[in-house]
Amino acid sequence: MTNTQTTPAPTWQNRWTFILAATGSAVGLGNIWKFPYITGEYGGGAFVLVYLACILLIGVPVMIAEVLLGRLGKSDPIHSMTRLSIDARVSKSWSIVGISGVLAGLMILSFYSVVAGWAIEYVIATFRGDFANADKDGIAAQFSALLVNKQDLITYHSIFIAVTATIIAFGASRGIGIAVRVLMPVLFILLLVLLGYGIQEGDFRSALHFMFSPDFSKLSGDAVLVALGHAFFTLSLGMGAIMTYGAYMPQTSSVAKTVVTVAVLDTVIALIAGLAIFPLVFANGLEPSSGPGLMFVSLPIAFGSISNGAIFGGLFFVLVSIAALSSSISLIEPGVAWLERLNVKRWIGTLCLTLIAWGGGMACIYSNDWLETQNAWGAFEWLEHIASNIMLPLGGLFIAIFVGWKLRRGLVRKNIGIQKELFFNIWYGVLRIIAPLGIIVVFLKAVNIV
Ligand code: TRP
């Protein structure tokens, strides 16, 4: 690294600031809540394998491209895309990537905050000792009781939105550093303890078998689409969040190395969460495909039986809520940054956008009867499906095409921070050909065309 010699401290520090912000955004409910439950729903091994392939072949290359766009555009996604398309002499309609990103962020925050609300409710329930010595039926009954208690669902969803709004209104990045630097490692350790519990007390062999021995006959076109969508979701990709953070990244640091670090951390945490949850699922006769409640009906079994489980479990849900918070701010920051550039005061922009997401969450709470109509889709499923499985991969497709085919190769080469020609060529080739084709094939497979 030549440039580290001239300004060693700031470069290093800034690289880490970006890694912290991007990790804070990436690691959240997607890893601990969503990954295990969709893995369970879509049959395990084969789904996990496709998901890992999507991360490696599509997620990482597109993430590098998205950070680059932020670094070159130096603004919110809409303004960045507009400016870069003018520079590249292509149509300004490329800014649609930014617009759809702001929309997708609001849609995701709507249901994200309802689930984060469940986690907040579980902080209280666990500290109160509700799960002490409870068996799996008692625990399932408590979760069901929460789902029908609209008042509580609304309260906790509103609390989560309000905290998100407060942090955003005061400037996004302040305070996140500490949360990620100190609290994420603690969350990681607690996950390892849960993993240890799963190995000792749960059915770890079945969990390993379920997650890592692929049975491709179980893999539907839908499953492949969900795996792709989740690769985008878990890396916070395809809607401009990472572009917005990339705008703060110094010119000198290597985008590629940084992105790989974040992607590895994110993937490891998701796999550990799965390996902690599934042993409990199999040892207790729970249904792996039981849906969005999976984490909430399995982990309390561990908290109910280990010593000091109430404290340990309460702390676990506190950290999950904080991880959700450091993700939720990146869902709304691009939109607020965009409004700010249009001279809307930060607090007004925050208020407007968070109110919309709050309304979306209310729609989830009122349209979803999570218990009784298992197969009927409410706002929750629609928002999750359209935003994560369609809008994010489409955003990724356009980002790949824009950076791969519309920006000058020289400009990309100069700013990407990949030193070795070979590595650059591999990344560039994957971004231009494999990632876009991969996304298109998955879309076609989902509608049964290939
Ligand atoms: N990655 C986060 C998680 O796994 C969710 C998230 C935060 C997100 N910001 C995003 C998803 C932007 C898509 C786009 O929980």
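None of the values given here were measured: they were computed from a predicted structure.

Student: Explain the overall build of the chain here, please?
Tutor: Secondary structure summary: the chain contains 18 helices and 0 strands in total. Taken against the 2.2 N^0.38 rule, which gives 22 Å for 450 residues, the C-alpha radius of gyration of the chain at 21 Å falls within 12% of a compact globule. The principal-axis extent of the C-alpha atoms belonging to the chain is close to 65 × 50 × 45 Å. Counting every position in the chain, which comprises 450 residues, the buried fraction comes to 58%. Sequence separation of at least 24 residues holds for 82% of the intrachain contacts in the chain that already meet a minimum separation of 6. For the chain, the computed accessible surface area is about 17,900 Å², with 65% contributed by carbon and sulfur atoms. Across the chain, the 26 positively charged side chains and the 22 negatively charged ones have centroids separated by 21 Å.

Student: Is there a simple way to explain the confidence of the model for the chain in this structure?
Tutor: Close inspection of predicted coordinates is inappropriate for parts of the model with low pLDDT. Averaged over all residues, the pLDDT of the chain is 91; the fraction at 70 or higher stands at 94%. Throughout residues 1-12 the model reports pLDDT below 50, and contacts reaching past four residues in sequence, or to other chains, amount to 6 contacts.

Student: Would you mind showing me how to read the packing of helix α2 (residues 29-41) against helix α3 (residues 45-73) here?
Tutor: Helix-helix packing is characterised by the crossing angle of the two axes and by the distance between the axes. At their nearest, the axes of α2 and α3 sit 8 Å apart, and the two run at 130° to each other. By the angle class used here, α2 and α3 are oblique. Note that α2 runs across α3; the crossing there is right-handed. Residue-level contacts link Phe35, Ile38 and Thr39 of α2 to Phe47, Val48 and Tyr51 of α3. By residue class, the composition of the contact of α2 with α3 is 5 nonpolar, 1 polar and no charged.

Student: I would appreciate a short explanation of the packing of α2 against helix α10 (residues 221-234) in the present structure.
Tutor: Running from amino to carboxyl end, α2 crosses α10 at an angle of 175°, the nearest separation of the two axes being 11 Å. One finds that α2 runs roughly antiparallel with respect to α10. Where α2 approaches α10, its residues Gly30, Asn31, Lys34, Phe35 and Ile38 are matched on the opposing element by Val226, His230, Phe233 and Thr234. For the contact of α2 with α10, a count of residues per class yields 4 nonpolar, 4 polar and 1 charged.

Student: Please clarify how the nonpolar core should be interpreted in this entry.
Tutor: Side chains that are nonpolar tend, in soluble globular proteins, to be buried together. The biggest cluster of nonpolar side chains holds 158 residues, and the ones touching the most others in it are Trp33, Trp118, Met295, Phe296, Phe316, Val403 and Trp427. Contact partners of Val403, with chain neighbours within four places excluded, come to Ala65, Leu68, Leu69, Val412, Trp427, Tyr428 and Leu431.

Student: Would you mind going over the pattern of salt bridges with me for this structure?
Tutor: Proximity of charged atoms lets side chains of opposite charge pair with each other. This structure, assessed with the given rule, holds 6 salt bridges. Each member of the salt-bridge network shares a partner with another, and the members are Glu333, Glu340 and Arg346.

Student: Looking at this structure, I do not really get the environment of Leu235. What am I missing?
Tutor: Along the chain, Leu235 turns up in the loop between α10 and α11 (241-246). It is 9.6 Å that separates the C-alpha atoms of Leu235 and Asn31, two residues lying 204 residues apart in sequence. Not counting residues up to four positions away in its chain, the partners in contact with Leu235 are Ala26, Ile55, Gly59, Val60, Met63, Ile242, Ala263 and Asp266.

Student: It is not clear to me how a nonpolar patch on the surface should be interpreted in this structure. Could you clarify?
Tutor: Judged by side-chain polarity, Leu56, Leu57, Trp405, Ile433, Ile434 and Leu437 come together as a nonpolar surface patch covering roughly 590 Å² of accessible area. Examining the composition of the nonpolar patch, we find that 3 residues originate from one element, helix α18 (residues 421-446), more than from any other. Tracing the backbone through its elements, the reader meets Trp405 in helix α16 (residues 379-406).

Student: Mind showing me how you'd approach the packing of aromatic side chains here?
Tutor: The description of an aromatic ring pair rests on the distance of the ring centres and on the angle between the ring planes. Applying the stated rule across the entire model yields 28 aromatic pairs. Plain terms: the ring middles of Trp33 and Phe380 are 6.4 Å apart, the flat faces sit at 80° to each other, and that makes the pair edge-to-face. With Trp33 in helix α2 and Phe380 in helix α16, this pair connects stretches of sequence that are 347 residues apart. Between Trp377 and Trp382, the ring centres sit 5.0 Å apart and the planes meet at 75°, which makes this aromatic pair edge-to-face. When its relative accessible area of 44% is taken as the criterion, Trp377 is described as partly exposed.

Student: Please clarify how unusual backbone geometry should be interpreted in this entry.
Tutor: Apart from glycine, the bulk of residues carry a negative phi angle, and the bulk of peptide bonds sit in the trans form. Residues other than glycine seldom take positive phi values, yet Arg89 does so here, at roughly 55°. Position of Arg89 among the secondary structure elements: in the loop between α4 (77-87) and α5 (96-127). Taking relative accessible area as the criterion, Arg89 reaches 76% and is therefore assigned exposed. Of note in this structure, Asn343 is not a glycine but carries a positive phi near 65°. Assignment of secondary structure puts Asn343 in the loop between α14 (309-341) and α15 (346-367).

Student: Could you clarify how one ought to interpret α18 in this entry?
Tutor: Because each turn of an α-helix spans 3.6 residues, side chains separated by three or four positions end up pointing in the same direction. Along its 26 residues, α18 runs 36 Å from first to last C-alpha, staying within 8% of the 38 Å computed at 1.5 Å per residue. Of all bends in α18, the biggest is about 40°, found at Leu431. Within the sequence span of α18, burial applies to Phe424, Trp427, Tyr428, Val430, Leu431, Ala435, Pro436, Gly438, Ile439, Val442, Phe443 and Ala446. Here the buried face of α18 lies against α3, α10, α16 and α17 (409-415). Asn448 sits one or two positions beyond α18 and adopts a positive phi of about 65°.

Student: How should I be thinking about the site of the ligand in this particular structure?
Tutor: The full set close to the ligand counts 16 residues, and Ala26, Gly30, Tyr112, Phe233 and Ser330 are the nearest of them. Interatomic distance of 3.2 Å between a backbone N/O atom of Ser25 and a nitrogen atom of the ligand. Measuring from a nitrogen atom of the ligand, one finds a side-chain N or O atom of Ser330 at 2.8 Å. For the ligand, the protein covers 100% of the area, taking 370 Å² as the surface of the free molecule. Every element with two or more residues in the shell around the ligand is listed here: α1 (8-26), α2, α5, α10 and α14. Grouping the amino acids of the shell around the ligand by side-chain chemistry returns 8 nonpolar, 8 polar and no charged.

The rules behind each value
- Residues numbered from 1 in each chain as written.
- Predicted model: local features only at pLDDT ≥ 70, side-chain atom pairs only at ≥ 80, totals over all residues.
- Heavy atoms only, no water.
- Helix = DSSP H or I, 4+ residues; strand = E, 2+ residues; numbered from the N terminus.
- Rg over C-alpha atoms; globule rule 2.2 N^0.38 Å.
- Buried < 20%, exposed > 50% of the residue type's maximum accessible area, 1.4 Å probe, protein only.
- Contact = heavy atoms within 4.5 Å.
- Areas by Shrake-Rupley, 256 points an atom, 1.4 Å probe, with all protein chains shown as cover.
- Lys, Arg positive; Asp, Glu negative; His and termini not counted.
- Charge placed at Lys NZ, Arg CZ, Asp CG, Glu CD.
- pLDDT = per-residue confidence, 0-100.
- Axes fitted to C-alpha atoms, helices over the stretch in contact; angles between N-to-C directions.
- Parallel < 35°, antiparallel > 145°, perpendicular 65-115°, else oblique.
- Left-handed = near helix turned anticlockwise from the far one by under 90°.
- Nonpolar A, V, L, I, M, F, W, Y, C, P; charged D, E, K, R; others polar.
- Core = buried A, V, L, I, M, F, W, Y, C linked by side-chain atoms within 4.5 Å.
- Salt bridge = Lys/Arg side-chain N within 4 Å of Asp/Glu carboxyl O.
- Patch = residues over 30% accessible without salt bridge, like charges linked within 9 Å, V, L, I, M, F, W, Y side chains within 5 Å.
- Phe/Tyr/Trp six-rings, centres within 6.5 Å; stacked < 30°, edge-to-face > 60°.
- Expected span 1.5 Å × (residues − 1).
- Bend = angle between axes of the 7 residues up to and from the residue.
- Near = heavy atom within 4 Å.
- Polar contact = N/O pair within 3.5 Å; in protein donor to acceptor, adjacent residues only side chain to side chain.

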